[in-house]
Amino acid sequence: MNTNVLILCTHNSARSVLSEGMLNHLAKQYGKPFKAYSAGSSPSGRINPYALQALQNAGVDTTGYHSKSWDVFTQDGAPKIDIVITVCDSAAAEQCPYWPGSPVKTHWGYPDPSNELEENKPKAFELTRQAIAYKMMQLIELPVANMSASDLNAALARIARS
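Here is a short report on the structure shown in this document. (Residues numbered from 1 in each chain as written. Predicted model: local features only at pLDDT ≥ 70, side-chain atom pairs only at ≥ 80, totals over all residues. Heavy atoms only, no water.)

With that out of the way, let us pick up the sheet that holds strand 4 (residues 104–107). As summarised here, the arrangement of the 4 strands in space is 2-1-3-4, forming an open sheet in which the pairing is parallel. Taken across any chain shown, the strands that pair with only one partner, and hence form the sheet edges, are strand 2 (34–40) and strand 4. Geometrically, the sheet is characterised by an average inter-axis angle of 20° between neighbouring strands, direction not taken into account. With 7 bridges connecting them, strand 1 (residues 3–9) and strand 2 associate as parallel partners. Opposite Cys9, over in strand 2, you have Gly40 as the bridge partner. (Pairing = 2+ DSSP bridges. Helix = DSSP H or I, 4+ residues; strand = E, 2+ residues; numbered from the N terminus. Axes fitted to C-alpha atoms, helices over the stretch in contact; angles between N-to-C directions.)

Okay, here's the thing in structure tokens:
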């Protein structure tokens, strides 16, 4: 059984997409039972091309990636979410909807690489992807199925500080 992780950012165009891509890629690569999803409170309707390029350069298949609202995950038939991670400060400050299943929530903030000068964006997105991958590697090593909610919360907080 997979541990379902929902990663949120306001526009679902860069950091949350990088996170979804890296968690799914690493989980598959290492045979770990995790499934990532990403969404936003105010999705932009498009994914930043630099985010897609950073993922593709790391060997991630981005076919089918699209910007989506977090409302999708509150509807009937949505996957049960076990962990919710916010990756931008504005999403962390928003009032999230009720997630079925009472998932553990944490915040792993990253600077927005979209704010860089145009000539610096490829490197900024790649460095953000690497920082995200570092935390996702730690996540997939957790024995989530055998952890209480409080133990998982503490482990996620430790990863946030790393």
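Next comes the rest of the account.
This part is about unusual backbone geometry. Positive phi outside glycine occurs at Asn12, with the angle close to 50°. Locating Asn12 in the fold gives a position in the loop between strand 1 and helix 1 (15–30). The class of Asn12 is buried, set by a relative accessible area of 0%. (Buried < 20%, exposed > 50% of the residue type's maximum accessible area, 1.4 Å probe, protein only.)

Any functional reading would require information that these geometric values do not contain.
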